[in-house]
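Spelled out, the chains give:
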Amino acid sequence: MSAALDKPRKLGTLLVTGGAGFIGSHFIRRVLDRTEFTGSVINFDALTYAGNPESLADVVEKHRSRYRFVKGDLVDREAVRRVFQELKPDAVVHFAAESHVDRSIHGPEAFVKTNILGTFNLLESAREAWKDRSDVLFHHVSTDEVFGSLGAEGFFTESTPYDPRSPYSASKAAADHLVRAAWHTFHLPYTLTNCSNNYGSHCFPEKMIPVMVENMLAGKPLPVYGEGKNVREWIHVEDHVDGIFTVMTRSKPGETWLLGSGEERCNLDLVHALCDLAGPRLGKTAADMRALITFVKDRPGHDHRYAIDASRVKRELGWSPRWNLEKGLEATFDWYRANRTWVERVKSGAYRDWMKQNYGERGPS
Ligand code: NAD
Ligand code: TYD
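Before going into details, it helps to say that this report is about the structure given with it. (Residues numbered from 1 in each chain as written. Chains lettered and ligands numbered in written order. Predicted model: local features only at pLDDT ≥ 70, side-chain atom pairs only at ≥ 80, totals over all residues. Heavy atoms only, no water.)

Details of the overall build of the protein chain
What counts here: In DSSP terms, a helix is any run of H or I states spanning at least four residues, a strand is any run of E spanning at least two, and both are numbered starting from the N terminus. The size measure is the radius of gyration over C-alpha atoms, and the globule rule it meets is 2.2 Å times the number of residues to the 0.38 power. Per-residue accessibility, obtained with a 1.4 Å probe over protein chains only, is compared with the maximum for each type, and a residue is labelled buried under 20%, exposed over 50%, and partly exposed between these values. Residue contacts follow a heavy-atom distance rule, with two residues in contact if any of their heavy atoms lie within 4.5 Å. Exposure was quantified through the Shrake-Rupley algorithm and a 1.4 Å probe, taking into account, for residues, occlusion by the shown protein chains and nothing else. Charge convention: Lys and Arg are scored as positive, Asp and Glu as negative, and His as well as the terminal groups of each chain are ignored. Where a charge sits is defined by one atom per residue type, namely NZ (Lys), CZ (Arg), CG (Asp) or CD (Glu).
For the protein chain, the helix and strand inventory stands at 14 helices and 12 strands. In summary, the protein chain has a C-alpha radius of gyration of 20 Å against a globular reference of 21 Å for 365 residues, a match within 12%. For the protein chain, the C-alpha atoms occupy an extent of roughly 60 × 45 × 40 Å along the three principal directions. Per-residue burial for the protein chain yields a buried fraction of 54% across its 365 residues. For the protein chain, the proportion of contacts with a sequence separation of at least 24, taken over those separated by at least 6, is 83%. Counting every atom, the protein chain has about 15,800 Å² of accessible surface; 51% of that belongs to carbon and sulfur. Both charge centroids of the protein chain, one from 48 positive and one from 48 negative side chains, sit 3 Å from each other.

What to know about the environment of W183
Within the secondary structure, W183 sits in helix 6 (residues 167-186). Spatially, the C-alpha atoms of W183 and G254 are 6.9 Å apart, while their sequence positions differ by 71 residues. With sequence-adjacent residues up to four places away left out, W183 is seen in contact with L188, P189, Y190, P253 and G254.

As for the site of ligand 1
The following threshold applies: Whether a residue is near a molecule or strand is decided by its heavy atoms; if any one of them lies within 4 Å of it, the residue is near. Nitrogen and oxygen atoms within 3.5 Å of one another constitute a polar contact, given that in protein one can donate a hydrogen and the other can accept it, and given that sequence-neighbouring residues count only through two side-chain atoms. When residues are grouped by polarity, Ala, Val, Leu, Ile, Met, Phe, Trp, Tyr, Cys and Pro land in nonpolar, Asp, Glu, Lys and Arg in charged, and all others, Gly among them, in polar.
Around ligand 1 sit 29 residues in total, of which I23, D45, S99, Y168 and K172 are the nearest. Contact between ligand 1 and F22: an oxygen atom at 3.0 Å from a main-chain N or O atom of the residue. Within the side chain of Y168, a nitrogen or oxygen atom sits 2.6 Å from an oxygen atom of ligand 1. In the complex, 97% of the free accessible area of ligand 1, which totals 840 Å², lies under the protein chains. Breaking the shell around ligand 1 down by element, the ones donating at least two residues are helix 1 (22-33), strand 5 (137-143), helix 6 and strand 7 (197-199). Top element by residues in the shell around ligand 1 is strand 5. It accounts for 3 residues. Within the shell around ligand 1, the residues separate by chemical class into 13 nonpolar, 12 polar and 4 charged.

Considerations on the packing of helix 5 (residues 109-130) against helix 6
Rules: Every angle, taken between N-to-C directions, lies between 0 and 180 degrees, and every axis is a line fitted to C-alpha atoms, over only the stretch in contact when it is a helix. Working rule for angles: under 35 degrees goes down as roughly parallel, over 145 as roughly antiparallel, 65 to 115 as roughly perpendicular, anything else as oblique. Whether a crossing is left-handed or right-handed is set by the direction in which the near helix is turned from the far one by less than a right angle, anticlockwise for left-handed and clockwise for right-handed.
In contact at an axis separation of 8 Å, helix 5 and helix 6 are set at 15° when each is read in the N-to-C sense. Considering the angle they form, helix 5 stands roughly parallel to helix 6. Note on packing geometry: the crossing formed by helix 5 with helix 6 is right-handed. On helix 6, the residues touching F111, N115, I116, T119, F120, L123 and R127 of helix 5 are Y168, S171, K172, A174, A175, L178, V179, A182 and F186. Looking at the contact of helix 5 with helix 6 residue by residue, the classes come out as 11 nonpolar, 3 polar and 2 charged.

Quick word on the packing of aromatic side chains
The test is simple: Under the pairing criterion, centres of Phe, Tyr and Trp rings, with the six-membered ring standing for Trp, must be within 6.5 Å; the plane angle then separates stacked pairs below 30 degrees from edge-to-face pairs above 60, leaving the rest tilted. Here, a charge over a ring is recorded when the distance from Lys NZ or Arg CZ to the ring centre is within 6 Å and its angle to the ring normal is within 35 degrees.
Overall, the coordinates contain 11 aromatic pairs when judged by the stated rule. Judged by centre distance (6.4 Å) and plane angle (80°), the rings of F111 and Y168 are edge-to-face. A residue pair is termed long-range when its members are at least 10 positions apart, and F111 in helix 5 and Y168 in helix 6 qualify at 57 residues. In terms of burial, F111 and Y168 fall into one category: buried. An aromatic cluster is present here, built from F147, F156, Y162 and Y306 joined pairwise through their rings. The ring of W257 carries the charged tip of R312 above its face, separated from the ring centre by 3.8 Å.

This is the structure in structure tokens:
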């Protein structure tokens, strides 16, 4: 039996958590530009090191009457409850999280607080405000990392058992379980997506692609963990957020969907591709850029491979990714090169202190 709705779900007032972060900011921009979305957006965000409200400056300008920002921490149950009581959202899309694996190795507690307790507070507040309403929706944004690590063969599917292996993925897995438990026990309608690695503009320069781009622009070493053989599947952030909108509007409640692009690369191949496109843009050769590659100490517990079988969402809900990886990497490189103010401002916050404390002045080595 199909898990698609007969008629698309209408979304009214939408509470977006973590909308000042990388993926959340893209979601807000694209949802407000859609003609089929006539509701409004509340962006609830604590503005941690990863959140930058300036990422949405254009959105505020263009959609002033349909966009509202509320600074708040999900760990603060009263603050979350107040948003539900006062602003009365009809749907939630939950992006807010501590999202970087390396940070979860250095300091896992923040991951337990935000990703587990924060999700619990959001679910409890939704449940309290929505009571038995069935016309509401809690969409939970999760990761393929909850499924653990693959060998050379095979793909994650919607029925792959959970096997998280980093503090980050363990905290996301716990959150996923809480969301499903709220549906089974209290009938809180949810949809859930597990997506592969995202890339694109506005990603905080701690994840691999923006780290490499930033270091290329600065002529600094490109730190590849281990031998660069780990494999990731890279999806453009716009394809991810469009997939989330598709699921929110077309899926029956109580369903999980895997979103991926099929664009698998080992890390070294990906860095080579970035070097090859960066060289000529910077008046250098690809070989000059590749000479910056430095193999550094591996991440502890480094998952070998993530790869997604996204055939179900394509078949049943009609979503498929539009970006090709080569074009997407070029657009991403060009964005970071052109948007130095965004980069400098986001880097000048708590991130700089954290990097110094954990890695010294030069970054991971
Ligand atoms: P991000 O780190 O760029 O942004 C996280 C946002 O959440 C920030 O704006 C931050 O200020 C906010 N936030 C953090 N703690 C908060 C708290 N306690 N209360 C309120 N707001 C808080 O993250 P991202 O890369 O945009 O990821 C968004 C979501 O997508 C996460 O749930 C992540 O697990 C998931 N995801 C990310 C990827 C990826 O490749 N980045 C892939 C799959 C799934
Ligand atoms: P990352 O962007 O941190 O995402 P995730 O750990 O969630 O997959 O890392 C992507 C891959 O790149 C991962 O295999 C670790 C590797 N990596 C590097 O080799 N060098 C780096 O500087 C970073 C940040 C990551």
